[in-house]
Amino acid sequence: MTAQPSAPATASRAPAAGARRRPVQQRSQERYERLLDACAGLLDEVGSAGLTTKEVALRAEVPIGTLYQFFSGKEGLLAALAERNLASFLDGLARRVDTAGHPGVAEFTDLAVEEFVAMKRTLPGFGHLDFGLVDAVPAEIDDLHLLDAELDNNAAVALRLRTIGGELFAAPGYAIALRVAMECADAVLKLAFRADPDGDPLLIAECKRLVRSYLAIPPTAERPADARVTGPAPLG
């Protein structure tokens with residue numbers, strides 16, 4: 001079975017996970033994006049522990065009151081940036097899948113790793129906050145649930161990957177298999193970027209091999225559903 005083309009992940013107009021509201025007017029949209037850009041840039045400079053909403057607003061040249069119209073505070077700002085990062089990742093992966101032309105499971109997982117690595121190397125702030133915080137987590141931040149109030153970050157990403165993969169991951173067992181694959185890939189890729197700021201090529205290759213090997217054997221048994229881990233069945 002092969003992956004089916006999917007709609008861009010940014011098509012929804014619902015508020016991001018950490019946003020109080022999603023701006024509609026162009027000027028407000030520009031301010032919203034400037035705040036997220038400023039947050040990403042400051043993460044590269046001071047890390048999550050040194051990040052403050054005041055400095056983000058100053059960097060974005062936006063009144064602090066406007067920041068709080070969009071976000072509840074530091075955690076909301078980080079959550080919205082994590083959601084934007086995930087949307088960018090899914091859009092980039094969808095483009096790679098379309099270009100590859102109906103990849104199988106092995107190629108799909110390689111493409112996912114390659115898109116993530118490319119973002120690690122080029123996207124501001126992504127080295128400190130991808131879909132969750134990479135640094136030590138400040139005490140006031142619930143880092144496990146930046147993307148979803150119920151699912152932890154890796155479970156939320158796995159659910160979205162299952163949707164993009166379509167019929168590749170339609171078997172019920174893939175709900176938890178993708179969740180496990182996410183945990184494995186997350187751990188190895190963190191190691192790769194600790195070893196080398198650009199990502200150790202050997203560890204990146206091992207990450208691909210690990211995930212390909214694990215997902216190459218289709219799950220045959222339907223496992224008990226647990227919404228906290230798997231979420232609902234994929235769309236489509």
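Just above sits the structure.
Rules behind the numbers
- Residues numbered from 1 in each chain as written.
- Predicted model: local features only at pLDDT ≥ 70, side-chain atom pairs only at ≥ 80, totals over all residues.
- Heavy atoms only, no water.
- Helix = DSSP H or I, 4+ residues; strand = E, 2+ residues; numbered from the N terminus.
- Buried < 20%, exposed > 50% of the residue type's maximum accessible area, 1.4 Å probe, protein only.
- Contact = heavy atoms within 4.5 Å.
- Areas by Shrake-Rupley, 256 points an atom, 1.4 Å probe, with all protein chains shown as cover.
- Phe/Tyr/Trp six-rings, centres within 6.5 Å; stacked < 30°, edge-to-face > 60°.
- Salt bridge = Lys/Arg side-chain N within 4 Å of Asp/Glu carboxyl O.

Turning our eyes to something else, we now look at the overall build of the protein chain. Scanning the protein chain from N- to C-terminus turns up eight helices and zero strands. Secondary structure elements of the protein chain occur, N-terminal to C-terminal, as α-α-α-α-α-α-α-α. Per-residue burial for the protein chain yields a buried fraction of 47% across its 236 residues. In the protein chain, once contacts between residues fewer than 6 apart in sequence are set aside, the share between residues at least 24 apart is 65%. When the accessible surface of the protein chain is split by element, carbon and sulfur atoms take 56% of a total near 11,600 Å².

For the rest of this paragraph, the subject is the packing of aromatic side chains. The geometry of two aromatic rings is summed up by the distance between their centres and the angle between their planes. Enumeration over the complete set of coordinates arrives at 10 aromatic pairs. Ring centres of Tyr32 and Phe70 lie 5.6 Å apart, and the angle between their planes is 80°; this geometry places the pair in the edge-to-face category. Of this pair, Tyr32 sits in helix α1 (residues 26-50) while Phe70 sits in helix α3 (residues 64-70), placing them 38 residues apart in sequence. A relative accessible area of 1% places Phe70 in the buried class. Between Phe89 and Phe131, the aromatic rings sit 5.4 Å apart at their centres with planes inclined by 55°, giving tilted as the arrangement. One end of the pair, Phe89, is in helix α4 (residues 74-100); the other, Phe131, is in the loop between α5 (105-122) and α6 (153-165), with 42 residues separating them in the sequence. Exposure remark for Phe131: the relative accessible area of 6% places this residue in the buried category.

Turning next to the pattern of salt bridges. Enumeration according to the criterion identifies 14 salt bridges in this entry. Ionic pairing is found between Glu33 and Arg84, a salt bridge with its closest N-O pair at 2.5 Å. Of this pair, Glu33 sits in helix α1 while Arg84 sits in helix α4, placing them 51 residues apart in sequence. Residue classification places Glu33 among the partly exposed positions, given a relative accessible area of 25%. Residues participating in the shared-partner salt-bridge network are Arg96, Glu114, Glu115 and Lys208.

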